[in-house]
Each structure stands twice: as C-alpha cells, then as structure tokens.
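Observations on the model geometry
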Amino acid sequence: MVLKIFFPSCCSSAESGLLVGRWIPEQNSAVILAVIHFPFIPGQVKQYLSEMQHATQVKLSVLGSWSNSPQAKEENLERFLGDLGAIFSQDPWIQLSREKNCKFWSCLATRSQSSGDKEDEIVLIYYDQRKVMLSQLHSLREPLPSSDQNGVETSRLAAVFDTVTKSKLLFMKDRYDDGPIKLTHWQSDGVEASIIVELMKQASVPLCMLITFLLSLISGACQSRVLTFWPLSFIWSKLSTCEQLGHRLQHLRVISSKKKAPDQTQVMKKANIFLSILVDVALGILLMSWLYQKNRIGSLANALVPMADHVAQQLQNLLQWLMGAPAGLKMNRALDQVLGRFFLYHIHLWTSYIHLMSPFIEMILWYVGLSACLGLTVALAILSDIIALLTFHIYCFYVYGARLYCLKIYGLSSLWRLFRGKKWNVLRQRVDSCSYDLDQLFIGTLLFTILLFLLPTTALYYLVFTLLRLLVVIVQGFIRLSVDLINSLPFYSALLRLCRSYRLAAGVKFRVLEQEAGKPLRLLMQINPLTYGRVVQTYRLPTYSCYPKDSWASLCKKLFVGELIYPWKHKREKQD
C-alpha cells in the first residue's frame with residue numbers, strides 16, 4: 001500500500017518535534033501542517049489540538065515525530081520518539097528523520113496492527129504551504145468532461161487544499177507568542193500582513209457608511225412618485241444612460257454592503273466590481289480631460305449641425321430618388337407621391353428642430369462631458385442616447401414603413417385564406433374551414449388585388465428605411481458591446497492571474513526530485529494556474545441587457561413580416 005505524506009517545504013529546517021496535521025484514511029494520506037518543537041507536555045498538546053479542531057472544523061492530530069539534528073541516531077532519542085506513538089495513539093505513526101548535510105530523509109510508518117510482512121511504500125510530497133492556503137481550486141466547481149478517475153483525483157486533491165485552507169487559525173500562532181506550544185509553519189516567523197491593507201480596511205468602514213447613506217438618498221429620489229408617472233417612467237426605461245446608472249448603483253450597493261462575503265467567490269466578485277468601477281471612472285476622467293482641452297467641445301458642437309444638415313440632405317435626395325423610378329421599377333405613382341411628401345415633411349420638421357436647438361448644443365455638450373467623471377460607460381451610454389435622438393426621424397420612417405408593410409402582409413395572408421375557404425380562429429389559435437358567399441369572395445378578390453399591386457411601393461420604402469435603421473442599430477450595438485465589455489471584465493481576477501497566478505489554481509503537477517535506492521520517492525507539488533480565458537469565463541460579471549435577444553431565424557422572420565425589432569420588448573402573454 002502506498003502511503004502519501006504531504007510535507008510543507010517551510011518545515012524542512014524546523015527543529016525536532018511532533019508532526020501535526022490531518023490523517024485522511026480514504027486516501028491513505030497524511031497532510032502535515034506544522035511541527036511542534038521540543039520541549040512540550042503531551043497533555044497540553046492534546047488540549048491545544050482539541051481547541052484548534054473545534055475552531056477550524058478540521059480533524060487535527062499528532063501524526064508522528066520529526067527529527068532534525070546530528071544526534072538523531074542516538075538510542076535515547078529513538079526510544080523517546082517511539083514511545084510518543086503510544087501516548088498519542090496515532091495509526092500509523094510516522095517518523096521522519098533528516099540527517100545533517102543530507103538531502104534524503106529517513107521515513108518510517110509504524111502500524112499498531114500489521115497488515116502483513118509487506119511494508120508501506122512511502123511517497124514524500126513537498127508543497128508550498130502559503131501558496132496552497134491562499135489558492136482556490138477551481139476544477140472542483142466544474143467537473144472536467146473526462147473519465148471518472150479524473151473526478152476521483154480531483155476530489156482527493158480537494159481534501160488536501162481544504163485541509164490547509166481551513167487551518168488558517170493554526171497558522172496565526174508564531175514563535176513570538178507566549179505559551180507552552182511552539183510551532184513551525186509558513187507564518188512562524190511572523191504573521192503576514194500589510195500596513196497599507198490594514199489602513200485601507202480601517203478607512204473603508206466610514207467610506208462604506210457614507211456611500212450607503214448617499215445611495216439611500218439617491219434610491220429615495222429615484223423611487224419618488226413624480227418619476228413613476230407614465231411618461232417619465234417610459235422614458236427612463238428606454239434610455240441607456242438610466243440603465244447604466246442603475247447598474248452602477250447596484251454595484252455600489254454590493255461593495256458597500258455590511259454583510260461579510262460568505263465564500264471566496266463572493267469576495268472575488270466584490271473585488272472585481274470595485275476594480276471595474278475604478279477602471280471605468282479612470283477612463284472617464286481621461287476622456288473628460290481630453291474633451292476639455294483645446295476647445296474640443298466647441299469644435300464638436302460646430303460640426304454637429306452641419307453633419308445633421310448633410311444627413312438630412314442625403315435623406316431628401318434618397319426620397320427624391322424613390323419618388324421617381326428607382327432602379328427602373330414601375331411604382332404606384334399616387335402612393336409613391338403621398339409617402340415621399342409625407343417623409344419629406346418629417347425631414348423638414350427635423351432640420352427645423354436641429355436649427356432651433358443649435359444655440360444650446362455647445363452648452364448641452366459641455367454638461368454632458370462632465371458626466372464622464374461618472375465613468376466611461378456612462379459617457380458611452382449618453383453617446384448612444386444622443387445617436388438615438390439625432391436619428392429619431394430615421395426611426396420614425398422605419399416605424400411608418402414597417403407598420404404599412406406589416407398591415408399589407410397580414411391583409412394579404414388573411415385574404416389568401418379566404419380564397420382557400422379557411423379563416424383564422426382567434427379563440428383556438430388555429431386555422432379552421434369556413435364557407436363564404438359570393439359577395440364576400442368578390443370583395444376579398446378586390447381588396448387582394450389592390451393590396452397586391454400596392455405592395456411593391458410599400459415594400460421598397462420599407463426596405464430602404466429598414467436598412468437605414470439597421471445601420472443605426474449596428475452603431476449603437478458596437479457602443480453597447482463596449483459598455484458590456486467594461487461592465488463584465490473581471491479586472492481584479494485578471495490582475496491576480498498576472499501577478500499571483502497560484503491564487504487561481506486549475507490543478508497541480510508533480511515533479512520528481514532526486515531519488516536514491518532505499519529512500520522514499522520525493523515529489524514536488526506545483527500549482528497549475530487557470531488560463532486567462534477560464535478566468536474571464538469563471539469570474540465574468542453579469543450585465544444588464546435592454547435589447548431583446550432573438551435568434552437569426554426569428555430576426556429574419558420579423559424583418560420579412562414587418563414586425564419591429566428594436567427597441568421594443570417582447571410582448572408578454574396574457575394570463576387568466
């Protein structure tokens with residue numbers, strides 16, 4: 001039988017004493033956590049381990065003895081180390097001995113009940129106790145799509161990681177503490193701490209209280225009855241800026257919460273949110289500083305009105321082309337002239353509105369630029385809303401064309417069912433047979449002919465304005481993807497993977513050290529970090545989505561029948 005001993009490399013130079021750790025009988029493994037130095041009183045050692053076991057919920061015990069002195073082979077010391085196995089009643093009792101100026105150790109496992117003449121084959125595995133305690137094994141949360149043996153090995157490895165991680169309280173006792181028990185572990189020379197981190201912890205308490213107070217005021221203002229009336233509530237739900245501000249307010253509530261994170265995943269989530277907000281605000285301040293240099297706001301305001309006039313002129317030329325014979329197509333002249341003049345009048349209203357607002361555009365952009373201090377995502381959301389307002393006439397054209405086209409499509413489909421002697425049953429939501437008289441068939445034929453000959457003119461206008469609308473949606477989609485990228489990227493996890501890759505462990509690898517005949521096999525356990533793609537996939541922050549997510553087939557179907565694709569939500573089904 002193979003006996004695996006996980007030994008911390010920080011204890012290699014420890015003085016002689018007792019090996020403290022956890023025995024895992026399912027794996028026939030011993031995880032060494034610390035070394036208790038001579039001299040000691042066995043009763044005090046048992047009491048101390050009992051207290052640690054109750055506090056850490058880890059079954060700690062004395063696993064054996066450790067000898068690290070030139071006199072390790074003396075007869076009196078060997079007799080004393082052998083007697084300790086009877087006092088602490090550990091089976092098997094492990095005896096590790098390191099001779100001076102020798103790389104190879106002597107290992108002996110003594111069992112009270114011998115399982116035969118064959119002795120245990122001992123494998124000594126060195127591990128970095130600090131890295132294992134601070135790391136988080138991620139392969140446990142998502143089982144690998146491989147054989148069952150890999151899952152068993154992962155669970156065995158998890159037991160080792162959990163033992164070291166849960167024994168954090170044991171490592172808080174260093175050699176400078178007064179007491180009868182002296183330990184050697186990775187923090188025995190002093191508890192690892194940072195003055196900057198401690199100062200930030202102390203300063204975060206009043207800062208969180210201030211943020212919580214401000215958030216309560218903002219939430220109370222947002223939930224006031226004035227903002228819940230229909231026009232304002234409808235407008236707030238359609239603006240990307242309001243959605244982004246609400247998303248960031250939710251993030252601030254998470255990081256300023258007084259509740260302690262229950263596990264390491266929630267701690268990482270809070271850290272990712274905090275760093276995401278910092279990066280967002282830093283990029284926004286850089287953008288704001290760039291905008292207010294060299295009067296770029298004024299240059300942008302001066303170029304905005306000519307740009308709007310150019311777009312309006314291009315739309316007028318497009319409508320004039322549609323009102324003639326576009327691409328040599330024969331259109332219905334009466335309907336063509338009505339639709340063309342109708343849309344030309346809308347363009348005239350839009351250009352008049354732009355020129356009316358032109359004196360105030362620079363002032364509006366100046367105040368909008370200040371919003372970049374709230375973050376680059378807020379500035380991009382405002383840019384998306386500005387594009388939506390500047391292209392509102394294109395959206396109106398698209399809605400008018402889509403409604404006319406949809407009306408004719410559904411009218412033609414209904415009249416086509418009339419010719420086949422069928423009708424749509426609204427109550428049963430199906431097509432049923434129906435008998436029509438001669439007058440109904442005559443009127444249906446007349447209406448079908450009219451709609452069929454008017455369809456090409458309407459379809460052409462619908463096609464042109466749908467393409468224009470899709471162009472605007474694509475631009476806004478790229479802005480939205482940029483906002484989602486900043487909102488969802490786990491900056492803290494990526495920085496942790498770059499600087500301290502052992503904190504995000506995907507597994508371990510074992511390297512064989514020098515080996516000598518008659519000595520136990522020595523392995524060095526090293527942590528395999530997560531890949532950057534896996535880090536982003538695991539710790540990616542959730543984002544809001546104000547757009548309906550349709551498949552390509554559903555989107556093409558909606559475009560064909562003339563249904564609106566954006567920004568309207570999906571209709572909810574009525575419930576009894």
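Sequence positions are assigned chain by chain, starting from 1 and proceeding in written order. Per-residue local features of the predicted model are confined to residues with pLDDT of at least 70, and side-chain atom pairs are confined, for both listing and counting, to 80 or more; whole-chain, interface and lining totals are unaffected and use all residues. To get the side-chain values, take all heavy atoms of the structure and skip hydrogens and water.

By the naming in an unreviewed UniProt entry, the chain goes by Phosphatidylinositol N-acetylglucosaminyltransferase subunit Q and is assigned to Phrynocephalus forsythii.

1. Focus: the overall build of the chain
Along the backbone of the chain there are 16 helices and 13 strands. For every residue, the accessible area obtained with a 1.4 Å probe (protein chains only) is divided by the maximum for its type, and the residue is called buried under 20%, exposed over 50%, and partly exposed between those limits. When burial is assessed residue by residue, the chain has 39% of its 576 residues classed as buried. Residue contacts are counted whenever heavy atoms from the two residues lie within 4.5 Å of one another. The contacts of the chain with a sequence gap of at least 6 include a subset with a gap of at least 24, amounting to 72%. For the chain, the accessible surface area stands at approximately 34,100 Å², while carbon and sulfur atoms represent 63% of it. Labels follow the DSSP assignment, with helices taken as runs of H or I lasting at least four residues and strands as runs of E lasting at least two, numbered in each case from the N terminus. Accessible surface area values rest on a Shrake-Rupley calculation with a 1.4 Å probe, where residue burial reflects the displayed protein chains alone.

2. Considerations on the packing of aromatic side chains
Aromatic ring pairs are defined here through the distance separating the ring centres and the angle between the ring planes. Any pair of Phe, Tyr and Trp rings, taking the six-membered ring for Trp, is counted once the centres come within 6.5 Å. Such a pair is stacked with planes under 30 degrees apart, edge-to-face with planes over 60 apart, and tilted for the rest. Inspection of every chain in the model, using the stated rule, returns 19 aromatic pairs. An angle of 85° between the planes, with centres 5.7 Å apart, marks the rings of Tyr292 and Trp366 as edge-to-face. With Tyr292 in the loop between helix H8 (264-291) and helix H9 (296-323) and Trp366 in helix H10 (residues 333-370), this residue pair connects regions lying 74 residues apart in the sequence. Through a chain of ring-to-ring contacts, three or more aromatic side chains come together here, namely Phe342, Phe343, Phe397, Tyr400, Tyr461 and Phe465. We note Arg497 situated over the ring of Tyr532; from NZ or CZ to the ring centre the distance is 4.6 Å. For a ring to carry a charge above it, either NZ of a lysine or CZ of an arginine must fall within 6 Å of the ring centroid while also lying within 35 degrees of the normal to the ring plane.

3. Focus: the confidence of the model for the chain
pLDDT measures the predictor's confidence residue by residue and takes values from 0 up to 100. In this model, the chain carries an average pLDDT of 81, and 85% of its residues clear a pLDDT of 70 or more. Across residues 140-147, where pLDDT falls below 50, the model places five contacts with residues more than four positions away in sequence or in other chains. This stretch, residues 568-576, has a pLDDT under 50; its non-local contacts, to residues over four places away or in other chains, come to ten contacts.

4. Some details on the pairing of strand E7 (residues 121-127)
Counting buried residues along E7, six of its seven residues qualify, which places the element largely inside the surrounding structure. By the bridge criterion, seven bridges tie strand E1 (residues 2-8) to E7 in an arrangement that is parallel. Residue pairing across strands places Pro8 opposite Tyr127, the latter belonging to E7. Strand pairing follows a simple DSSP-based rule, namely that at least 2 bridges must link the two strands.

5. Digging into the side chain of Thr184
Among the structural elements, Thr184 can be located in strand E9 (residues 183-184). Under the rule applied, a polar contact is a pair of N or O atoms within 3.5 Å (in protein, one hydrogen donor and one hydrogen acceptor; residues adjacent in sequence only if both atoms are side-chain atoms). A polar contact is formed between the side chain of Thr184 and the side chain of His37, at a distance of 2.2 Å. Once you skip the residues sitting within four places of it in the chain, Thr184 turns out to touch Cys10, Cys11, Ala14, Leu33, Ala34, Val35 and His37.

6. A few points about the environment of Pro39
Counting through the fold element by element, Pro39 comes out in the loop between strand E3 (29-37) and helix H1 (42-56). Given a relative accessible area of 73%, Pro39 falls into the exposed group. Through-space distance from the C-alpha of Pro39 to that of Ile181 is 8.8 Å; in sequence the pair is 142 residues apart.

7. A short note on H8
Take the residue count of a helix, subtract one, and multiply by 1.5 Å to get its expected span. With 28 residues, H8 ought to run about 40 Å at 1.5 Å a step, and its terminal C-alpha atoms sit 40 Å apart, in line with that. Regarding H8, the residues found buried are Met268, Ala271, Asn272, Ile273, Ser276, Ile277, Asp280, Gly284, Met288 and Leu291.

8. Quick word on the UniProt feature "transmembrane region" (unreviewed entry) in the chain
UniProt positions are given in the numbering used here, feature names are shortened, and annotations may be inferred rather than shown by experiment. Taking the numbering used here, the UniProt-annotated feature "transmembrane region" (unreviewed entry) corresponds to residues 273-292, 364-391, 397-419 and 440-464. A helix fraction of 95% and a strand fraction of 0% characterise residues 273-292, whose end C-alpha atoms lie 29 Å from each other. The span residues 440-464 is 100% helical and 0% strand by assignment, and the distance between its end C-alpha atoms comes to 35 Å.

9. Examining H9
Under the 1.5 Å per step criterion, the end-to-end length of H9 is 40 Å for 28 residues, consistent within 8% with the ideal 40 Å. Elements in contact with the buried residues of H9: H8, H10, helix H11 (376-390), helix H12 (392-419) and helix H13 (438-488).

10. Observations concerning the pattern of salt bridges
When a carboxyl oxygen of Asp or Glu lies within 4 Å of a side-chain nitrogen of Lys or Arg, that pair is called a salt bridge. The tally for this structure, following the rule as stated, stands at three salt bridges. One salt bridge in this structure joins Arg248 and Asp280, with 3.2 Å as the shortest N-O distance. Separated by 32 residues along the polypeptide, Arg248 in helix H7 (residues 240-255) and Asp280 in helix H8 bring together distant segments of the chain. Grouping residues by exposure puts Arg248 and Asp280 together as buried. Where Arg480 meets Asp484, a salt bridge forms, and the shortest distance between an N and an O atom there is 2.6 Å. Here Arg480 and its partner Asp484 are both found in helix H13, four residues apart, which amounts to about one turn of the helix. Residue Asp484 is classed as buried on the basis of its relative accessible area of 16%.

11. Overview of the nonpolar core
In this text, buried Ala, Val, Leu, Ile, Met, Phe, Trp, Tyr and Cys residues form a nonpolar core when linked through side-chain atoms within 4.5 Å. Leu18 and Val45 are the most contacted members of the largest nonpolar core, which totals 41 residues. Once residues lying within four places of it in the same chain are set aside, the contact partners of Val45 are Leu18, Ile36, Phe40, Val62, Phe88 and Ile181.

12. A closer look at the packing of H7 against H13
Running from N to C, H7 and H13 point in directions that differ by 0°, and their axes come no closer than 12 Å. The pairing of H7 with H13 is recorded here as roughly parallel in orientation. Contact residues: H7 offers Gln244, His247, Arg248 and His251, while H13 offers Val483, Ile486 and Asn487. Gly counts as polar in this scheme, as do all residues outside two lists: the nonpolar Ala, Val, Leu, Ile, Met, Phe, Trp, Tyr, Cys and Pro, and the charged Asp, Glu, Lys and Arg. The residue makeup of the contact of H7 with H13, split by class, is two nonpolar, four polar and one charged. For helices, the axis comes from a line fit to the C-alpha atoms of the stretch in contact; other axes are also lines fit to C-alpha atoms, and the angle between any two N-to-C directions lies between 0 and 180 degrees. Here is the rule for angles: anything less than 35 degrees is roughly parallel, anything more than 145 is roughly antiparallel, 65 through 115 is roughly perpendicular, and the remaining ranges are oblique.

13. A look at the packing of H10 against H11
Geometrically, a packed helix pair is captured by the angle between its two axes and the distance between the axes. It is at 13 Å that the axes of H10 and H11 come closest, and there the two elements cross at 170°. The orientation of H10 relative to H11 falls into the category roughly antiparallel. Counted together, Trp350, Ile354 and Val368 of H10 and Ile382, Ile386, Leu389 and Leu390 of H11 form the full contact between these two elements. Grouping the constituent residues of the contact of H10 with H11 by class yields seven nonpolar, no polar and no charged.

14. Some words on the environment of Leu245
Here Leu245 shows up in helix H7. Taking C-alpha positions, Leu245 is 7.0 Å from Val378, a pair spaced 133 residues apart along the chain. If we skip the residues at most four places from it in the chain, Leu245 touches Leu374 and Val378.

15. Here we look at a nonpolar patch on the surface
There is a patch of nonpolar side chains on the surface, built from Phe360, Met363, Ile364, Trp366, Tyr367 and Leu370 and spanning about 600 Å² of accessible area. One can find Phe360 in helix H10. Each patch groups residues whose relative accessible area exceeds 30% and which form no salt bridge, using 9 Å between like charges and 5 Å between nonpolar side chains of Val, Leu, Ile, Met, Phe, Trp and Tyr.

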